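A closer look at the structure
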Amino acid sequence: MKYSYFPGCSLKGTGRAYEESLLPVLKVLGVELEELDDWNCCGATAYMAVDEVKACVMASRNLAIAEKAGHKELLAPCSACYLVLNKTKHYLHESPVVEAVVQKALRQANLTYSGNTPVRHPLDLLVNNVGIEEIKKHVKHPLKGLKIAPYYGCQIVRPYATFDDQYNPTTMDRLLEAIGCTMVTYPLKTRCCGGSLTGTLPEPGLLCSYILLKEAITRGADVIATVCPLCQFNLDCYRDKMKGKWGHETIPDPRNKDARVPVGPHLDIPVVFFTQLIGLAFGLSEKELGLQRGFAPMRKPACAQRQSAAA
Amino acid sequence: MELKRTIKYESDRVKGFGREVMSVPGCEQLEHCIQCGTCSGLCPLSIFMDYTPRQVMELTRSDFKTEVLRSTTIWLCASCYACTVECPKQIRITDIMYELKQRAIHEGFYPKRFPIPVLAQEFYKMSHKRGRVTENFLATIMFLKTDILAALGMWRLGLNLLRRGRFPLKLEGIKRKSELERMMAVVDKLSIDALNNGHQTGGNGGRQHGAH
């Protein structure tokens, strides 16, 4: 089946590695994508704070273009895009008045919105359309022994639980287990990373991200797997600042349960997209998967041993 | 030492504000808030807020417009929707926060150099003008408009991003920008109509909200 593909702004900028790894992985699995013609920004969380109706118009242009493209479904890998597009669909369904405005605006572009194109997330597609068994068939180098903290973030499970459990989502856990990884218990898997606050008000924003990193480290993870370009950015790119603020805090020593060590050096835990891990297991190269773009780079399967040796 | 009155007076209320917010699609359930505080307990950012989310809900419902629109709470909401999904009364707290943010921007209720509303408005402008947002340019504009010193403190992050190919050097944009402009013009026209209607009926047409 062929899907319309809505990359969104982040996947062309700071979150390039997500697109770079998603496309080859889907190619291996025989999923065809066609990038949405002349797609525009979904509006994310910032736009809605200025004008909600215009936000709906922005988002619906993409939905209407997808309908015109004629593929049955629209794939939106970025959590913010995924939520905004789905939220717009809900909003248009609930409010005929807003829908009338949107339709009127769309007519200016010879577009129309019927609401018949579901917006899907790659996790949903991989687990429910491609299937875990099919994915297993393509694994060339199982990532045996690699301990993962699966971090889902907010917006793919809230406010709508569309394809996974709202409180304890497991689609990414199942996918990564299928390629050989081990999941650590990570109770914060849907806690907020701080979103855009890390850039605007670092004090509260960075604390949100730091809590997530620290918990993953304490739980013994080698790598944090993410599904969202903003979560990935927040956890990956502000480590210097976090080390300065909280690097002196202590965590249980991984080698000696009775001792405690400063968290600072451990904050360099790789934070990758789940698609990068799947790509590695499929035997794709690090470069092809954009792994060099991480601030704490992860090396190929040997990573597991390297991590424990470093610890 | 400057002393401020901490207890609200009846006269601080802007009568009708709560009703107005609760009439916006998606915000209706606020009427049924039982002040249980689940939202405040769940919110990962409430520890930094001047009013907790529970307080903002009551202040809104009780017409304390100035307090609500000046609060840091609405801007600290990072849209994680934790409160919304847990609210026993199905109040869409995150959406109400969005509604309040819009009102605070439209009515000029935020400190001039406060970065969050500045970012929101720059995001709005860039996505209109270009059809797409290039994050590093957006962040740079925000820093220049709010805190140039903070911008200087980000040089290292910028350099690290640049080295890893995550700092685009040109602005992204769509091809059919005029199409988007025409679409937005439709909404602008409707807002003006709605405003006029509001004035004629003596209602509270003080801001756009599309078509109601």
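In this text the structure is predicted, and so the values were computed from the model without any measurement.

**Thoughts on the overall build of chain B**
- The helix and strand tally for chain B stands at 12 helices and 0 strands.
- Taken from N to C terminus, the helices and strands of chain B fall in the order α-α-α-α-α-α-α-α-α-α-α-α.
- Within the span of chain B, comprising 212 residues, buried residues form 50% of the whole.
- Taken as a whole, chain B presents about 10800 Å² of accessible surface, with 56% of it coming from carbon and sulfur.
- On chain B, the mean spot of the 32 positive side-chain charges and the mean spot of the 22 negative ones are 7 Å from each other.

**What to know about the sheet that holds strand β4 (residues 119-120) of chain A**
Residues and elements named next belong to chain A.
- The sheet built from 4 strands is open, its strands ordered β2-β1-β3-β4 with parallel pairing. Two strands bound the open sheet, and with one partner strand each, they are β2 (32-35) and β4.
- Across 4 bridges, the pairing between strand β1 (residues 2-5) and β2 is parallel. Directly across from Y5, in β2, lies its bridge partner E35.

**Comments concerning the domain arrangement of chain A**
Residues and elements named next belong to chain A.
- Partitioning chain A into structural domains gives domain 1 (2-120) and domain 2 (131-310).
- The distance between the C-alpha centroids of domain 1 and domain 2 comes to 27 Å.
- On the side of domain 2, 25 residues touch domain 1, which itself brings 24 residues to the contact.
- At the boundary of domain 1 with domain 2, total buried surface from both sides reaches about 2100 Å², with 69% on carbon and sulfur atoms.
- Scanning the region where domain 1 abuts domain 2 turns up 1 salt bridge.
- For E20, the salt bridge is made with R293, and the minimal N-O distance between the two is 2.7 Å.
- Our enumeration of links across domain 1 and domain 2 arrives at 4 residue pairs in polar contact (both at pLDDT 80 or more).

**Brief notes about the interface of chain B and chain A**
- Counting residues at the interface gives 66 residues for chain B, matched by 69 residues for chain A.
- Surface buried jointly by chain B and chain A totals about 6000 Å² across both partners, of which 63% is contributed by carbon and sulfur atoms.
- Linking chain B with chain A are 9 salt bridges, by the criterion used here.
- Going through the elements one at a time, α5 (73-76), α6 (82-86), α7 (93-106), α8 (115-130), α9 (135-146), α11 (155-163) and α12 (177-200) of chain B are the ones with two or more residues in the side of chain B that touches chain A.

**Concerning helix α13 (residues 274-281) of chain A**
Residues and elements named next belong to chain A.
- Of all 8 residues making up α13, 8 are buried, and the element is well covered by its neighbours.
- Among the residues of α13, F274, T275, Q276, L277, I278, G279, L280 and A281 are the ones counted as buried.
- Of the surrounding elements, those touching the buried residues of α13 are α1 (16-28), α6 (122-130), β5 (147-150), α8 (171-178), β7 (223-226) and β10 (271-273).
- The positive-phi residue at the C-terminal boundary of α13 is G283, with phi of around 90°.

**Re the nonpolar core**
- Core analysis: the biggest nonpolar cluster contains 183 residues, and A:L176, A:I179, A:F274 and A:L277 have the highest contact counts within it.
- In terms of residue count, the dominant contributor to this core is helix α3 (residues 52-69) of chain A (10 residues).

**A word on the side chain of A:E19**
All names here are of chain A.
- With respect to the helices and strands, the residue E19 is situated in helix α1.
- E19 gets classed as buried once you look at its relative accessible area, which sits at 12%.
- A distance of 2.8 Å separates polar atoms of two side chains, one belonging to E19 and the other to Y5.
- A polar contact of 3.0 Å, which involves the side chain of E19, links it to the side chain of K12.
- Apart from the residues lying within four places of it in its own chain, the contact partners of E19 are Y5, P7, L11, K12, P24 and E35.

Conventions and cut-offs
- Residues numbered from 1 in each chain as written.
- Chains lettered and ligands numbered in written order.
- Predicted model: local features only at pLDDT ≥ 70, side-chain atom pairs only at ≥ 80, totals over all residues.
- Heavy atoms only, no water.
- Helix = DSSP H or I, 4+ residues; strand = E, 2+ residues; numbered from the N terminus.
- Buried < 20%, exposed > 50% of the residue type's maximum accessible area, 1.4 Å probe, protein only.
- Areas by Shrake-Rupley, 256 points an atom, 1.4 Å probe, with all protein chains shown as cover.
- Lys, Arg positive; Asp, Glu negative; His and termini not counted.
- Charge placed at Lys NZ, Arg CZ, Asp CG, Glu CD.
- Pairing = 2+ DSSP bridges.
- Domains from an automatic or database assignment.
- Contact = heavy atoms within 4.5 Å.
- Buried area = accessible area lost by both parts, 1.4 Å probe.
- Salt bridge = Lys/Arg side-chain N within 4 Å of Asp/Glu carboxyl O.
- Polar contact = N/O pair within 3.5 Å; in protein donor to acceptor, adjacent residues only side chain to side chain.
- Core = buried A, V, L, I, M, F, W, Y, C linked by side-chain atoms within 4.5 Å.

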